[in-house]
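Inside the fold
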Amino acid sequence: MVELTQRQKYDLKRQLEELKACKGKHTELISLYVPPSKQISDVTAYLKNELSQSQNIKSKTTRKNVLSAIESIMSRLRQFKAPPENGVVFFVGHKSIGSDQTTMVAFVIEPPLPISIFLYRCDSQFFTEPLENMMKEQDIYGLFLIDRRECTIGMLRGNRVNTLKYMTSQVPGKHGRGGQSQRRFERLTEIAAHEWFVRCGETASEIFQEEKNLKGILVGGSGPTKNYFVDEGYLHYEIQEKIIDIFDTGYTDEFGLRELVDNASGTLTNLRISQEKKIMKRFLREVTKAEESLAIYGEAQVRKALTMGAIDVLLLSEDIRKYRVMLRCTSCEYTMEKTVDEYSEETFEPPGCPHCKSQLPMEIVKKIDIIDELSDMAESTSATVQLISQGSEEGDSLYKAFSGIAGILRYPLDL
Ligand SMILES: [Zn+2]
């Protein structure tokens, strides 16, 4: 599976926020998932059938809204000869905008990962779960439980735990049966245990090596066996290197997998934010430098440094909710850009023209999420973009103290 970039994740996250904010007054919001393998003509045929079914909807307004949504999808579908590489999703319908009013919305999304299902749904909200899972599925960890009796191998994908293999051993218990020499018994037991560990190690290595995007491996079990197994290097060395930590669990079967994930949750969260923390610490060290500081912050300063190509790492808080709008005067053609907070078409009123002093509101020619806009600027000068989430001390300080926009410079600048 291809891994999503930070940027793709962010864009998808924002798109989902927008979709989830849409509420229908009745069941009149349509979600249609078209996988890449589906023929467009089949989809059209399916929609034609839905169209005739929907003639039976009792409420006149709902019927009208559903019919127009389906027709809108059908006309958009005509622009496709075949589904795009990853398929396409349509979200179309009349969303409620308060006081009995509705407005038609239409989103056509080509997702960053392939869609696996064909799905049509008409509901009072858009069905976004398959897209949400795309984001969650990203973090994949191997799960491995072992003691002398049982071994369970599983995978953690987002929040989902899968059991992939369960094995039991023939290793005898610690105490021998009467009649055998104790030493001989112990020797046989150790040979059996060794063979068991080899078998488990080989099976696990094989399974884990197949998953190319494995972020790491969590090892668990109830006794000291798990530590012995790891110390003796029974796993393939490439897999061994991916071990994040070893945890105590009460079970070594399927139940143990869940337990292992629960016990490791703190470690996993830390892992996710440790990279962000590291880069933020570097930035904060620069901020405190009295001379030759490489830190820069605030939208205007960062923007200026970006245009000069002077930024090495661009730091953006995931929670800035700002847009950059490009405005044009309808009388003198003067254009300007403006950053708008929590921009929405309903509330933002463009100003008059500062150039010809026309009182007419300027025309919005383009609007773009500021994170996308600044990331584009950064990428065109080969700067690294690091999105920082809130929730850690460093993430909070970027958002609160530095307005969510900062950077580490390639060389000191005197702006
Ligand atoms: Zn003007």
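Structural data are supplied above this passage.
Residues numbered from 1 in each chain as written. Predicted model: local features only at pLDDT ≥ 70, side-chain atom pairs only at ≥ 80, totals over all residues. Heavy atoms only, no water.

So, on to the overall build of the chain. On a plain count of helices and strands, the chain comes out with 11 helices and 16 strands. Whereas a compact globule of 415 residues would reach a radius of gyration of roughly 22 Å, the chain reaches 29 Å, over 25% beyond that. Each principal axis of the C-alpha atoms in the chain carries an extent, and together these give about 105 × 75 × 40 Å. Counting only residues that meet the buried cut, the chain has 44% of its 415 residues in that class. Charged side chains of the chain number 54 positive and 60 negative; the gap between the two group centres comes to 3 Å. (Helix = DSSP H or I, 4+ residues; strand = E, 2+ residues; numbered from the N terminus. Rg over C-alpha atoms; globule rule 2.2 N^0.38 Å. Buried < 20%, exposed > 50% of the residue type's maximum accessible area, 1.4 Å probe, protein only. Lys, Arg positive; Asp, Glu negative; His and termini not counted. Charge placed at Lys NZ, Arg CZ, Asp CG, Glu CD.)

On to the nonpolar core, then. Grouped together as the largest cluster of nonpolar side chains are 23 residues, with contacts concentrated most on Phe144, Ile146, Cys151, Trp196, Cys200, Phe208 and Phe229. The set of elements that each furnish at least two residues to this core consists of strand E5 (140-146), strand E6 (150-157), helix H5 (182-210), strand E8 (214-221) and helix H6 (225-231). Here this core gets 6 residues from one element, more than from any other, and that element is H5. (Core = buried A, V, L, I, M, F, W, Y, C linked by side-chain atoms within 4.5 Å.)

This brings us to the side chain of Asp372. With respect to the helices, strands and loops of the structure, Asp372 is situated in helix H10 (residues 370-380). Overall, the relative accessible area of 14% leaves Asp372 in the buried class. The residues contacting Asp372, other than those within four sequence positions of it, are Arg7, Tyr10 and Asp11. (Contact = heavy atoms within 4.5 Å.)

Our focus in this paragraph is the pairing of E6. Most of E6 sits inside the fold, with 7 of its 8 residues counted as buried. Where E5 meets E6, 7 bridges bridge the pair, whose relative direction is antiparallel. Across the sheet, the residue bridging to Leu145 is Thr152, located in E6. Remark: 3 residues form the turn of the hairpin made by E5 and E6, two consecutive strands paired antiparallel. With 8 bridges joining them, E6 and strand E7 (residues 160-168) adopt antiparallel strand pairing. Within E7, the position partnered with Leu156 by the bridge is Val161. (Pairing = 2+ DSSP bridges.)

Geometric descriptors of this kind do not, in isolation, establish any biological role.
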